[in-house]
Amino acid sequence: QVLSDVFNAPVYTMDTANSACLGSAYRAIHGLVAERNVPLADVVKSAPEPRLAVTPTAGAEELYRPLLKRYAELEQKVIYNPTSSC
């Protein structure tokens with residue numbers, strides 16, 4: 001629920017063991033076929049069907065939007081000046 005609220009997006013899950021590894025494998029395959037301009041959507045056609053797990057909580061976007069903006073600003077600070085303290 002937290003991911004859905006923070007990013008204001010629905011979260012889907014897959015009924016498969018170790019779905020994170022499965023996702024990494026699909027991205028690796030996509031990298032292997034990149035020079036043939038194969039879209040990621042074509043690579044994952046055989047993936048198990050995802051199911052909706054949660055949707056954003058009403059009003060959560062107003063809470064998290066300023067925090068995401070602040071996080072992005074801090075991230076840029078670290079990337080462009082990694083020795084500075086935030």
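For the structure itself, look to the data block above.
The paragraphs below set out a description of the structure included in this document. (Residues numbered from 1 in each chain as written. Predicted model: local features only at pLDDT ≥ 70, side-chain atom pairs only at ≥ 80, totals over all residues. Heavy atoms only, no water.)

1. Considering the pattern of salt bridges
If you walk through the whole model with that rule in mind, you get 4 salt bridges. Salt-bridge contacts for Arg65 lead to Glu61; the nearest nitrogen and oxygen are separated by 3.5 Å. With Arg65 and Glu61 both in helix H4 (residues 60-80), this residue pair falls 4 residues apart, about one helical turn. Residue Arg65 is classed as partly exposed on the basis of its relative accessible area of 47%. (Salt bridge = Lys/Arg side-chain N within 4 Å of Asp/Glu carboxyl O. Helix = DSSP H or I, 4+ residues; strand = E, 2+ residues; numbered from the N terminus. Buried < 20%, exposed > 50% of the residue type's maximum accessible area, 1.4 Å probe, protein only.)

2. Here's the deal with the side chain of Asp5
Mapped onto the fold, Asp5 is located in helix H1 (residues 2-7). Among buried Asp, Glu, Lys and Arg side chains, Asp5 stands out as unpaired, with Arg65 the closest opposite charge at 13 Å. Of note is the side chain of Asp5, whose polar atom sits 2.7 Å from the backbone nitrogen of Thr57. Apart from residues no more than four positions distant in its own chain, Asp5 is found in contact with Thr55, Pro56, Thr57, Ala60 and Tyr64. (Lys, Arg positive; Asp, Glu negative; His and termini not counted. Polar contact = N/O pair within 3.5 Å; in protein donor to acceptor, adjacent residues only side chain to side chain. Contact = heavy atoms within 4.5 Å.)

3. Some remarks on unusual backbone geometry
With a phi close to 50°, Asn8 is a non-glycine residue in the positive phi region. By secondary structure assignment, the location of Asn8 is in the loop between H1 and strand E1 (11-13). Of the residues examined, Asn8 reaches a relative accessible area of 39% and is grouped as partly exposed. The phi angle at Asn37 is positive, at roughly 55°, despite the residue not being glycine. Tracing the sequence through the fold places Asn37 in the loop between helix H2 (19-32) and helix H3 (40-43). A relative accessible area of 69% means that Asn37 is categorised as exposed.

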